[in-house]
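Survey of secondary and tertiary structure
If you want the building blocks of each chain, they are given just below.
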Amino acid sequence: MFGNITDKIRLLFRKDKEPYLCFYRMLGFYPRNIELYQQALLHKSSSVKSEKGRLLNNERLEFLGDAILDAVVADIVYKRFEGKREGFLTNTRSKIVQRDTLNRVAVQIGLDKLIKSATRQSSHNSYLCGNAFEALVGAIYLDRGYEACMKFMEERIIAPYLNLEKVSRKEVNFKSKLIEWSQKNKFQVTFELAGQSVDEDQNPVFETQVLVESLKAGHGKGYSKKESQQEAARETLQLIKSNPKFIDSIFAVKAEREQAAAPKEEETPAVPMVPTATLQEVKKQELKPEPEQQHEDDPDDTPMQRYDDDMERIIAEAEEAAFSKHAGQE
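Residues numbered from 1 in each chain as written. Predicted model: local features only at pLDDT ≥ 70, side-chain atom pairs only at ≥ 80, totals over all residues. Heavy atoms only, no water.

**Considerations on the overall build of the protein chain**
Going by this rule: A run of H or I in DSSP becomes a helix once it reaches four residues, and a run of E becomes a strand once it reaches two; helices and strands are each numbered from the N terminus. Contacts are residue-level and defined by heavy atoms, with any inter-residue pair within 4.5 Å sufficient. Areas reported as accessible are Shrake-Rupley estimates using a 1.4 Å probe. Residue values count occlusion only from the protein chains shown.
Within the protein chain, the regular secondary structure consists of 14 helices and five strands. Counted over contacts in the protein chain with a minimum sequence separation of 6, partners at least 24 positions apart contribute 54%. Of the accessible surface of the protein chain, which amounts to about 23200 Å², a share of 52% is contributed by carbon and sulfur atoms.

As structure tokens, this is what we get:
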């Protein structure tokens, strides 16, 4: 309380009061380092360069806020539901920190109107608001500490927007979510019964192993096969979300599988080779001019020309005959 009074007094001497008042209405306290909160609202598509030349956006704060939010919500759920089993507590926490819930809460507190992004929210970046909410929690932690995060979640989020009793009873089908993800991205996912035992009270305990492209992913235990599959699916989704090496591995195996299953290309029949000599002969034949043939319309084959040729022949025969007769008289 006294901290807020002090911060409010300091605010009187600031020229840029509006950003502080905006965050105060949302958080319930005045920011001390407002740059952290402004960075939490900065999507990577609108990154800016720091004085040191590094790109600034909300991704690092999102990473930190994700971990802090898990711890804070686990703390709240643990204290609220005394005597509940670990599996119940884990599922309840998962329902609160899942992206759908964080997206909805971010919109309810008006966070969506403050996000700076060069892209509109669509199917491929549908978690824009939820990511910004986690970054906001990271900023609160760095600016005010863990207790401030706890107070913000209890008083500003859970009390007005989340009924923990209803949330705990809400069924979240992690198996369906995993299968939907696998079908959308064309991955092979299988659920295998990894083991079966009994606990101290002789209750049956089932273990399920999820395989993604034949690689081991999430592992779950439960007092029924369904419960163990749900836990294994939840752990697999968390692994997909947080482990880039695992993503690279399953993409590599998937690529190999698709390549092996792809039909081989039909071989093109070979064109018979023609001997070089034959080709040369063909070229000579193509280049050799055809013999000229006289046609009826040849200008040298006119009636007048044929008449002249006959006259020359007759004269030549007459001269030859006369010459023979004259030679005989002598």
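**A word on the pairing of strand β4 (residues 204-212)**
Stated formally: Residue exposure (1.4 Å probe, protein chains only): buried if accessible area is under 20% of the type maximum, exposed if over 50%, otherwise partly exposed. A pair of strands counts as paired when DSSP detects no fewer than two bridges linking them.
The element β4 is largely enclosed, with a buried count of eight among its nine residues. Across nine bridges, the pairing between strand β3 (residues 189-198) and β4 is antiparallel. Pairing of Phe 191 across the sheet is with Val 210, part of β4. A loop of five residues connects β3 with β4, the two strands running antiparallel in sequence, and Gln 202 in this loop sits at a positive phi of about 65°. Two strands pair when backbone bridges link them, and β4 and strand β5 (residues 215-222) are joined in this way by six bridges, in the antiparallel orientation. Directly across from Thr 208, in β5, lies its bridge partner Gly 220. Following β4, the chain reverses through two residues before pairing antiparallel with β5; Glu 213 in that reversal takes a positive phi of roughly 55°.

**Digging into the layout of surface pockets**
Quick note on the threshold: Only protein atoms enter the calculation, which uses a 1 Å grid: trapped sets of points that fit a 1.4 Å probe without letting it out are cavities, open sets showing protein on both sides within 12 Å along at least five of seven lines are pockets, and any residue with an atom within 4 Å of a point is a lining residue. Grid points are joined across faces, edges and corners, and a volume is the space filled by probe spheres set on the points. Residues were grouped as follows: Ala, Val, Leu, Ile, Met, Phe, Trp, Tyr, Cys and Pro as nonpolar; Asp, Glu, Lys and Arg as charged; and all remaining residues, including Gly, as polar.
Approximately 610 Å³ is the volume found for the second largest pocket. Lining the second largest pocket are 25 residues, and of these Gly 87, Phe 88, Asn 91, Lys 221 and Glu 227 sit closest to its centre. Looking at the lining of the second largest pocket element by element, the count peaks at six residues for helix α5 (residues 86-97). Split by residue class, the lining of the second largest pocket holds six nonpolar, seven polar and twelve charged.

**Here's the deal with helix α4 (residues 59-80)**
One full turn of an α-helix is made of 3.6 residues, so residues set three or four places apart face in the same direction. Defined as follows: Residue count minus one, scaled by 1.5 Å, sets the expected span of a helix.
Given a rise of 1.5 Å per residue, 22 residues ought to cover 32 Å, and the 31 Å separating the end C-alpha atoms of α4 matches this to within 8%. When α4 is considered as a whole, its buried residues turn out to be Leu 61, Glu 62, Gly 65, Asp 66, Ile 68, Leu 69, Val 72, Val 73, Ile 76 and Val 77.

**A few points about the pattern of salt bridges**
This is how it is decided: The rule for a salt bridge is simple: a side-chain nitrogen of Lys or Arg has to be within 4 Å of a carboxyl oxygen of Asp or Glu.
Under the defined criterion, the tally for this structure stands at eight salt bridges. Across the pair Arg 99 and Glu 62 runs a salt bridge, and its minimum N-O distance is 3.6 Å. With Arg 99 in helix α6 (residues 99-108) and Glu 62 in helix α4, this pair connects stretches of sequence that are 37 residues apart. Each member of the pair, Arg 99 as well as Glu 62, is classed as buried. Salt-bridge contacts for Lys 241 lead to Asp 66; the nearest nitrogen and oxygen are separated by 3.4 Å. In this pair, Lys 241 is assigned in helix α11 (residues 225-242) and Asp 66 in helix α4, connecting sequence segments 175 residues apart. We classify Asp 66 as buried; its relative accessible area is 19%. Several salt bridges share partner residues, and in doing so they unite Glu 62, Arg 99 and Glu 134 into one network.

**Description of the sheet that holds β3**
Rules: To define axes, lines are fitted to C-alpha atoms, for helices over the stretch in contact only, and angles between the resulting N-to-C directions are given on a 0 to 180 degree scale.
Ordered by their spatial adjacency, three strands build an open sheet running β3-β4-β5, and the pairing between neighbours is antiparallel. Edge positions in the open sheet fall to β3 and β5, since each of these has one partner strand only. Here the strands of the sheet are splayed against their neighbours by 20° on average, with no regard to which way each runs. Contacting β4 and β5, helix α12 (residues 244-261) runs over the sheet at an angle of about 120° to β5.

**Remarks on the packing of α6 against helix α7 (residues 128-144)**
The condition that has to hold: Angle categories: roughly parallel below 35 degrees, roughly antiparallel above 145, roughly perpendicular from 65 to 115, and oblique for all the rest.
In the contact formed by α6 and α7, the axes pass within 7 Å of each other and the chain directions differ by 80°. In terms of orientation, α6 and α7 fall into the roughly perpendicular class. Counting all contacts with α6, which are made through Arg 99, Leu 102, Asn 103, Val 105, Ala 106 and Val 107, the residues of α7 involved are Leu 128, Cys 129, Gly 130, Asn 131, Phe 133 and Glu 134. Class assignment for the residues of the contact of α6 with α7 results in seven nonpolar, three polar and two charged.

**Details of the nonpolar core**
The condition is simple: Here, the term nonpolar core denotes a set of buried Ala, Val, Leu, Ile, Met, Phe, Trp, Tyr and Cys residues that are joined through side-chain atoms within 4.5 Å.
Within the largest apolar cluster, 47 residues are counted, with the highest numbers of intra-cluster contacts made by Leu 27, Tyr 37, Leu 111, Phe 133, Ile 140, Phe 152 and Met 153. For this core, the secondary structure elements donating two or more residues are α2 (17-27), α3 (34-40), α4, α5, α6, α7, α8 (146-161) and α9 (164-169). Here this core gets nine residues from one element, more than from any other, and that element is α7. Residues Phe 187, Val 210, Ile 247 and Ile 250 belong to the second largest nonpolar core, which totals 15 residues.

**Considering the environment of Lys 225**
With respect to the secondary-structure elements, Lys 225 resides in helix α11. The class for Lys 225 is partly exposed, based on a relative accessible area of 47%. Sequence separation between Lys 225 and Thr 208 is 17 residues, and the spatial gap between their C-alpha atoms is 7.4 Å. What Lys 225 contacts, discounting residues up to four positions off in sequence, is Leu 193, Phe 206 and Thr 208.

**Brief notes about the environment of Phe 81**
Structurally, Phe 81 is set in the loop between α4 and α5. Through-space distance from the C-alpha of Phe 81 to that of Ser 168 is 9.6 Å; in sequence the pair is 87 residues apart. If we skip the residues at most four places from it in the chain, Phe 81 touches Phe 88, Leu 89, Thr 92, Leu 164, Glu 165 and Ser 168.

Read these as spatial facts, not as claims about activity.
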